[in-house]
Amino acid sequence: MRWRQGRLRDWLCAAAMALCACTLPAQELRIGLSSSPSTVDPHFYNNDAVSAVVSHAYETLVALDPDTRLVPALAASWRAVDETTWEFKLRDGVKFHDGSTLSAEDVLFSLERPAAIANSPSSFATYTRAITGRKAIDRLTVRLSTAAPYPLLPNDLTRIFIVSKKAAERASTDDFNQVKVDAGTGPFRIVKFTPGASVQFARFDDYWGAKPAWSALTLRMLPADSARMAALLSGDVQLVENVQANLVSQFRQNKDLAVFDKVSSRVMFLYTDHRDSSPFVTDKEGRPLAANPLKDARVRQAISKLIDRKVLAERVMDRLAVPTGNIAPPGMFGHNPRLKPEPVDVPGARRLLAEAGYPEGFGLTLFGPNDRYINDEQVVQAIGQMLARGGIATKVQVSPMSTYVGRASKKELGFGLLGWGVGGGEPSGAMRGLLGTPDKDKGMGATNWSSYASPPFDALLTEALRTVDDRRREQLLQDAAELALAKDAAIIPLYHQVATWAARKGIAFVPRVDEFTLAHQVRPD
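Residues numbered from 1 in each chain as written. Predicted model: local features only at pLDDT ≥ 70, side-chain atom pairs only at ≥ 80, totals over all residues. Heavy atoms only, no water.

### Thoughts on the sheet that holds strand β6 (residues 85–90)
Sheet architecture is open: 4 strands sit in the order β5-β6-β8-β7, paired in antiparallel fashion. With partners counted over all chains shown, the strands left at the sheet margins are β5 (75–82) and β7 (131–138), one partner each. Across the sheet, the mean angle from the axis of one strand to that of its neighbour is 20 degrees, orientation sign disregarded. The pairing of β7 with strand β8 (residues 141–146) spans 6 bridges and is classified as antiparallel. Across the sheet, Asp 138 pairs through a bridge with Thr 141, a residue of β8. (Pairing = 2+ DSSP bridges. Helix = DSSP H or I, 4+ residues; strand = E, 2+ residues; numbered from the N terminus. Axes fitted to C-alpha atoms, helices over the stretch in contact; angles between N-to-C directions.)

Next comes the structure, spelled out in structure tokens:
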């Protein structure tokens, strides 16, 4: 591995020196993406890689700005009519790509479509579940009702794309993928989708907002770091996301390149198994234990104290991480300033382990992906070595995300690394999915791989989800985070990733907390 990385660095250095001064004509933009969306149906798969791509062609009622603040999009304004009713006023004169004009009927149809899609791997219906009533007051006014006070409805609607009812009413996901449907309002129209390779767009000249600088756009799928970096250096693309970590400083020094970065909302953490017994937890000789050590909060707290987050951020992550004790990053609504990154404390960890009945430690397997997050395999290996300092004999197993997530989501693993993008402008959605006691009907615990169940936490979060007063809701979210993260160590926050992009000279880009790479936020400099 070291030899291959060394050869890659040598090649990239040579390519950087040979950068040609020319750039692609201003009318065309090519971007290298680090993930490959499986669809361009905006309602089929609730996945950030898909949403980032289809955001070029489809829009939501409410949007998030680069710092995750709510801003008007297809809804020019919205208000709470009462505690259970929200009213959205649509922009007048917005055109769909098929030539029809946006109306309340399109919005109602778009809110219903996600729940009607069969076999979605992750349904957008999560964001419409709270809606119990939908009504078009007039052509440009929609009222939505909820069974109980629900202040997060505008936040949830940042995830639901609005499509033309006329164009999409009889369309299947395959029709979208074959670009037989022209149903968006966005600044670009999809021209061609080649799965695993690229998505091609043309500028939509009737777009209601600021026109993009580019008449044509190609998003190339280049998940391999080496291929993505090479495409940038050779001029095949003008912008790439997720710069290879060990090349960021080198790219910053290159006069022909510009590097953009932003502390992202993606929190990296360890999930911990709270069940009576856990797979891959043993004594130090590999024999099964009568009880699961991870069920004891003192053991989870000890694990947190053994991890040197500063070393992870500065050395393992090449400074592309900011240590955290929170789910929400600083500056986001609901961030708890009282939750600081846990300082490394090996003696303190050993005392906690002894109090829990494991003075000599125990055996544990730590799982993680090796192709999803920045330096994810190296992070898992480093944490394994850190835990050994406290007497926890740690084996490490990594695998491709496609394999890993399937096993972890079935709770076959018990202890591992995961990342979560905290979307919607506040951490309530992430807390609901990661820490809520699993309850499908309530939309709680969908990704609670720790099997954490705390009635006091659920009560705080449930109260927050129905509290309209922002100040009170933020306090409830902060209290819930303090209970789950500091007292219970339900999951163990490690750091927030620093998202990076690199562009060829003459390109300006607005980096985003949500890590989305949006071409309409790229301009000639």
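### What about the packing of helix α14 (residues 428–435) against helix α16 (residues 470–487)?
Axis separation between α14 and α16 bottoms out at 11 Å; the angle between their running directions is 30 degrees. Between α14 and α16 lies a crossing whose hand is left-handed. Along the contact surface, α14 presents Ser 428, Met 431 and Leu 435, while α16 presents Leu 477, Ala 480, Ala 481, Ala 484 and Leu 485. Of the residues assigned to the contact of α14 with α16, the class counts are 7 nonpolar, 1 polar and no charged. (Left-handed = near helix turned anticlockwise from the far one by under 90°. Contact = heavy atoms within 4.5 Å. Nonpolar A, V, L, I, M, F, W, Y, C, P; charged D, E, K, R; others polar.)

### Focus: the environment of Val 54
Inspection of the secondary structure puts Val 54 in helix α2 (residues 48–54). Through-space distance from the C-alpha of Val 54 to that of Val 311 is 37 Å; in sequence the pair is 257 residues apart. With residues near it in sequence (within four places) discarded, Val 54 still touches Thr 39, Val 40, Pro 42 and Phe 161.

### Details of the nonpolar core
Core analysis: the largest hydrophobic core is formed by 113 residues, its most contacted members being Leu 61, Phe 251, Leu 270, Ile 303, Ile 307 and Leu 435. Discounting residues that sit within four places of it in the chain, Phe 251 has contacts with Met 229, Leu 232, Leu 233, Val 243, Leu 257, Val 259 and Ala 502. (Core = buried A, V, L, I, M, F, W, Y, C linked by side-chain atoms within 4.5 Å. Buried < 20%, exposed > 50% of the residue type's maximum accessible area, 1.4 Å probe, protein only.)

### Structural notes on the pairing of strand β1 (residues 28–33)
Sheet analysis places β1 next to strand β12 (residues 216–221), joined by 6 bridges and oriented parallel. Note on β12: the bridge partner recorded for Ile 31 is Leu 219. Relative to strand β13 (residues 239–241), β1 is paired through 2 bridges, and the arrangement is parallel. The residue bridging Ile 31 from the neighbouring strand is Leu 239, located in β13.

### Observations concerning α16
Counted at 1.5 Å a residue, the expected span for α16 with its 18 residues is 26 Å, and the 25 Å between its end C-alpha atoms agrees. For α16, every residue scored as buried is listed here: Arg 473, Leu 476, Leu 477, Gln 478, Ala 480, Ala 481, Leu 483, Ala 484 and Leu 485. Residues of α16 that are buried in the fold lie against α14, α15 (455–465) and β20 (491–504). By the N-cap criterion, in which a side-chain oxygen at the helix start approaches the backbone nitrogen of a residue two or three places on, α16 is capped by Asp 469, the distance to Arg 471 being 3.3 Å. In the segment just after α16, Ala 489 is the residue with positive phi, at about 45 degrees. (Expected span 1.5 Å × (residues − 1). Polar contact = N/O pair within 3.5 Å; in protein donor to acceptor, adjacent residues only side chain to side chain.)

### Quick word on the confidence of the model for the protein
Per-residue confidence for the protein gives a mean pLDDT of 92, with 95% of residues at or over 70. Note that residues 1–25 has pLDDT below 50 and, in this model, 27 contacts with residues that lie over four places away or in other chains. (pLDDT = per-residue confidence, 0-100.)

### Focus: the pairing of β20
When you tally the buried positions in β20, you get 14 out of 14 residues, the bulk of the element. Looking at chain direction, β13 and β20 are connected through 3 bridges and run antiparallel. Considered in β20, the bridge of Glu 241 is made with Trp 501. Of the pairings in the sheet, the one linking strand β16 (residues 321–323) to β20 comprises 3 bridges and is antiparallel in character. Within β20, the position partnered with Val 322 by the bridge is His 496.

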